[in-house]
Amino acid sequence: MYCGDIGTDGKEYERNRIDEGYELYLKDAVHIDTAKESPEDFILQETVMNNADYTVWLRMPCVVPRGCAVKMIVTVRKNSEKTKELSFHARLQMPAFTDLAGNHELKIDIDRLMPPKGQCTSREYWICADNAKTDETTILCRREDMQFQVGKYAVEPRTGISLGVRLSNQPPYDLAAREIGKTNLDTELKQNIEEGVCIAVLHFLRKDVSCLLSGVQECGVKHYIVTPGKEKQRQLFLSYFTGKDTAQPSTEDSRGN
């Protein structure tokens, strides 16, 4: 870093001004549409059946790291007191995911389920994201590939299943941290619109007529407070991934990156 004299168009340096406390600000060069990343959409949920007797829905994260295992949850809620069992069978097409056997197809088989009225029962299905180059993919199930039976009678599906999922190179912990910190960051930006938000402290090594960057301090600079509600949201998101995929990066790993 050099301190140039404005009067000479930066051709001469002012050594006596190098010790002043300069602040540097970063600005996004490309606008990123974050409309799909709102907290309420962080976990996708699609209702596939809803009548007087049962409600059935599917849930999974809307963003999945490439090469990472993630679970899809099928939840059944009993709406009536009638003695009617539910059976649900479906075959989902997953172009960018595979099941435990390595197939790009997931079979859901739920037979003769009947929880008490007002209560829910869930089934977990683990799938793995491919290392695909695409950033967006869709998990599909046609109406003809779904079957519902309540008691002795078949129930016609009202529509097929379509889950739009985005693929990322970030691990689950980083995705959760970004989502949790988004609200605090937005608040800071609104309160300090003229000043920006501090993301790091730069340390310089003084030379004769310049300064060299000697270090970057990030720890203790970002004063973001994680509320209990946000921490609960983080744990909910991370619960969809395996333990080894949700570990917080170590200091050594962060330095290596």
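Since the model is a prediction, treat every value here as computed from it, not as a measurement. (Residues numbered from 1 in each chain as written. Predicted model: local features only at pLDDT ≥ 70, side-chain atom pairs only at ≥ 80, totals over all residues. Heavy atoms only, no water.)

Chemist: Give a detailed account of unusual backbone geometry, specifying residues and quantitative values.
Modeler: You will see that Arg-112, though not glycine, has its phi angle at about 50 degrees, which is positive. Considering the arrangement of structural elements, one finds Arg-112 in strand β7 (residues 105-113). (Helix = DSSP H or I, 4+ residues; strand = E, 2+ residues; numbered from the N terminus.)

Chemist: Describe helix α2 (residues 228-238), with residues and values.
Modeler: Every buried residue of α2 is listed here: Lys-230, Gln-233, Arg-234, Phe-237 and Leu-238. Considered in projection along α2, the buried side chains sweep an arc of 130 degrees and stay on one side of the axis. Away from the buried face of α2 by more than 90 degrees, exposed residues Pro-228 and Lys-232 are located. (Buried < 20%, exposed > 50% of the residue type's maximum accessible area, 1.4 Å probe, protein only. Arc of directions from axis to C-beta.)

Chemist: If you had to explain the environment of Ile-43 to someone new, which residues and values would you point to?
Modeler: Structurally, the position occupied by Ile-43 is in strand β1 (residues 43-50). Separated by 194 residues in the primary sequence, Ile-43 and Phe-237 place their C-alpha atoms 7.3 Å from one another. Contacts of Ile-43, omitting those with residues within four sequence positions, involve Arg-59, Met-60, Pro-61, Phe-237 and Tyr-240. (Contact = heavy atoms within 4.5 Å.)

Chemist: I'd like a description of the confidence of the model for the protein, backed by residues and values.
Modeler: With 67% of its residues at a pLDDT of at least 70, the protein reaches an overall mean of 79. For the protein, the element scoring lowest by mean pLDDT is helix α3 (residues 251-256), at 41; strand β5 (residues 86-93) scores highest, at 97. Contacts for the low-pLDDT stretch residues 30-40, under 50 throughout, to residues beyond four places or in other chains number 11 contacts. Scored below 50 in pLDDT, residues 250-257 makes 1 contact in the model with residues more than four places away or belonging to other chains. (pLDDT = per-residue confidence, 0-100.)

Chemist: Before we move on, can you summarise the environment of Ile-199 with the specific residues and values?
Modeler: Locating Ile-199 in the fold gives a position in the loop between α1 (172-191) and β13 (201-206). A sequence separation of 20 residues divides Ile-199 from Cys-219, and the C-alpha atoms of the two residues are 9.4 Å apart.

Chemist: For a nonpolar patch on the surface, give the residues involved together with the corresponding values.
Modeler: Nonpolar side chains collect at one region of the surface, where Leu-202, Phe-204, Leu-213 and Val-216 lie side by side and expose about 340 Å² of accessible area between them. Elements with a contribution of two residues or more to the nonpolar patch: β13 and β14 (211-217). Among the structural elements, Phe-204 can be located in strand β13. (Patch = residues over 30% accessible without salt bridge, like charges linked within 9 Å, V, L, I, M, F, W, Y side chains within 5 Å. Areas by Shrake-Rupley, 256 points an atom, 1.4 Å probe, with all protein chains shown as cover. Salt bridge = Lys/Arg side-chain N within 4 Å of Asp/Glu carboxyl O.)

Chemist: Quick one: what's the story with the packing of aromatic side chains, residue by residue and with numbers?
Modeler: Counting across every chain of the model gives 3 aromatic pairs. For the pair Phe-42 and Phe-237, a centre-to-centre distance of 4.2 Å together with 25 degrees between the ring planes defines the contact as stacked. With Phe-42 in the segment before β1 and Phe-237 in helix α2, the pair connects residues that are 195 residues apart, well separated along the chain. Plain terms: the ring middles of Phe-88 and Phe-148 are 4.5 Å apart, the flat faces sit at 0 degrees to each other, and that makes the pair stacked. One end of the pair, Phe-88, is in strand β5; the other, Phe-148, is in strand β10 (residues 146-150), with 60 residues separating them in the sequence. Of the two residues examined, Phe-88 and Phe-148, each falls in the buried class. Linked through ring pairs, Phe-42, Phe-237 and Phe-241 together constitute an aromatic cluster. For Lys-78, the ring lying beneath its charged end belongs to Tyr-54, and the centroid distance is 5.4 Å. (Phe/Tyr/Trp six-rings, centres within 6.5 Å; stacked < 30°, edge-to-face > 60°. Lys NZ or Arg CZ within 6 Å of the ring centre and 35° of its normal.)

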